[in-house]
Amino acid sequence: MRSLVTTSPESTAALGARVGARLFEGAVVLLAGDLGAGKTCFTQGLARALGVEGAVQSPTFVLVQEYPDARVPLRHADLYRLEREVEVLALGLEERVGYDGAWVIEWADRFPDLWPADRLELRLTHHGEARRIEAVATGPRHAALLAAFDEPGEPAAERT
Ligand code: ADP
Ligand code: MG
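Everything numeric here is computed off the predicted structure, so don't read it as measured data.

**Regarding the coordination of the magnesium ion (ligand 2)**
Then, in step 1: Protein coordination of the magnesium ion (ligand 2) is provided by T40 (OG1), S58 (OG) and E106 (OE), with donor distances spanning 2.2 to 2.5 Å.
Then, in step 2: Counting gaps between the donor residues of the magnesium ion (ligand 2) yields the pattern T-x17-S-x47-E. Taken together, the positions of S58 in the loop between α2 (39-49) and β3 (64-67) and E106 in strand β5 (residues 102-106) put the pair 48 residues apart, joining distant regions of the chain.
Then, in step 3: S58 sits in the partly exposed class, given a relative accessible area of 34%.
Then, in step 4: A relative accessible area of 2% places E106 in the buried class.

As structure tokens, then:
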């Protein structure tokens, strides 16, 4: 488990970029946290590190936004508006997540049973004006992504 506090939107995005720089085909990054916690901000940095140009917005209405030309084809999902697991299954996510490109999924914790066993779980919480970002890797492939939290410089991790 890693934990750090980011004190600006740029810092949240910078952490996303560090993860993005390490992202691989089949990666699954699950984002949990309240509205405004910084999930999309983090994803914007991650996408930029994968070479995505232009705006990355919360796919709240389109549900899945795809960036096929990224260094690793990136899929960004936002499940906020979905109420039931069958709606997620109807999108075919169960068959694609973990296989087809790299996935970043906002509100993934609302459907805890759907995702591959080896994944990176991030939880973002308001911490005064700042944000705390906690990371857990549940398997060996995604454990490599935790190195993003150990890089020197801002934002700096607190070991837990
Ligand atoms: P979510 O996708 O979780 O709903 P967003 O990323 O859309 O959240 O919005 C988060 C908001 O918080 C943005 O306005 C962003 O600029 C801001 N933000 C992100 N990280 C920080 C931080 N560390 N400190 C202060 N504001 C932040
Ligand atoms: Mg969002």
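**Overview of the nonpolar core**
Then, in step 1: Core analysis: the biggest nonpolar cluster contains 30 residues, and L23, L46, L74, L120, L122 and F149 have the highest contact counts within it.
Then, in step 2: Residue assignment for this core shows that the elements contributing at least two residues are α1 (9-21), β2 (28-32), α2, β5, β6 (120-127) and β7 (130-137).
Then, in step 3: If we ignore the near neighbours within four places in the chain, the residues touching L46 are A13, G16, A17, V19, G20, L23, L74 and V104.
Then, in step 4: In this structure, V28, I105, A108 and W115 belong to the second largest nonpolar core, which totals 17 residues.

**Observations regarding the pairing of β2**
Looking down a regular strand, the side chains alternate between one sheet face and the other.
Then, in step 1: Counting buried positions over the five residues of β2 gives five, a clear majority of the element.
Then, in step 2: Here β2 shows two buried faces, one formed by V28, L30 and A32 and the other by V29 and L31.
Then, in step 3: Summarising the sheet, β2 and β5 pair through four bridges and their orientation is parallel. What sits directly across from V29, in β5, is V104.
Then, in step 4: Across four bridges, the pairing between β2 and β6 is parallel. Counterpart to A32 in the pairing with β6 is R123.

**Some words on a negative patch on the surface**
Then, in step 1: Side chains of E85, E94, E95 and D113 sit close together on the surface and give a patch of like negative charge.
Then, in step 2: Relative to the assigned elements, E94 resides in helix α4 (residues 93-96).
Then, in step 3: Taking relative accessible area as the criterion, E94 reaches 42% and is therefore assigned partly exposed.

**Considering the pairing of β7**
Then, in step 1: As defined by bridge partners, strand β1 (residues 2-6) adjoins β7 across five bridges and the pair is classed as antiparallel. Bridging from a neighbouring strand, T6 pairs with R131 of β7.
Then, in step 2: Two successive antiparallel strands, β6 and β7, enclose a turn made up of two residues, where G128 displays a positive phi of approximately 65°.

**Considering the environment of R119**
Then, in step 1: Structurally, R119 can be placed in the loop between β5 and β6.
Then, in step 2: With relative accessibility at 15%, the residue R119 sits in the buried group.
Then, in step 3: Taking the C-alpha atoms as reference points, R119 and G20, separated by 99 residues in sequence, lie 14 Å from one another.
Then, in step 4: Those residues within four positions of R119 in sequence are excluded, and the remaining contacts are V28, L30, P112, V136, A137, T138 and H142.
Then, in step 5: Among the polar contacts made by the side chain of R119, one reaches the main-chain carbonyl oxygen of P116 at a distance of 3.4 Å.
Then, in step 6: A polar contact is formed between the side chain of R119 and the side chain of E121, at a distance of 2.6 Å.

What counts and how
Numbers given to residues run from 1 along each chain, matching the order in which its sequence is written. Labels follow written order: the first chain is A, the first ligand is 1, and so on. Given that the model is predicted, a residue must reach a pLDDT of at least 70 before its local features are reported, and side-chain atom pairs must reach 80 or more before they are shown or counted; all residues, however, enter totals for whole chains, interfaces and linings. To obtain the side-chain values, all non-hydrogen atoms of the structure were included, while hydrogens and water were left out. Note that water is not among the atoms used; donors are N, O and S atoms within 2.8 Å of the metal (3.2 Å for Na, K and Ca), so sites may look incomplete. Think of it this way: any DSSP run of H or I at least four residues long counts as a helix, any run of E at least two long counts as a strand, and we number them from the N terminus. Exposure classes here rest on a 1.4 Å probe applied to the protein chains alone. A residue is buried below 20% of its type maximum, exposed above 50%, and partly exposed in between. Put simply, a nonpolar core is a bunch of buried Ala, Val, Leu, Ile, Met, Phe, Trp, Tyr and Cys residues held in one set by side-chain atoms that sit within 4.5 Å of each other. Note on definitions: a residue-residue contact is assigned when non-hydrogen atoms from the two residues lie within 4.5 Å. We treat two strands as partners when DSSP finds at least two bridges between them. Note that patches include only residues with greater than 30% relative accessible area and no salt bridge, and the join distances are 9 Å for like charges and 5 Å for nonpolar side chains (Val, Leu, Ile, Met, Phe, Trp, Tyr). Accessible areas in this description were obtained via Shrake-Rupley with a 1.4 Å probe; residue shielding takes into account the shown protein chains only. For this document, the term salt bridge refers to a Lys or Arg side-chain nitrogen within 4 Å of an Asp or Glu carboxyl oxygen. The positive count covers Lys and Arg only, the negative count covers Asp and Glu only, and His and the chain ends enter neither. Where a charge lies is defined by one atom per residue type: Lys uses NZ, Arg uses CZ, Asp uses CG and Glu uses CD. Polar contact is defined as a pair of N or O atoms within 3.5 Å, subject to the rule that within protein one atom must be able to donate a hydrogen and the other to accept it, and that residues adjacent in sequence are counted only when both atoms are side-chain atoms.

Nothing here speaks to function; it is all geometry.
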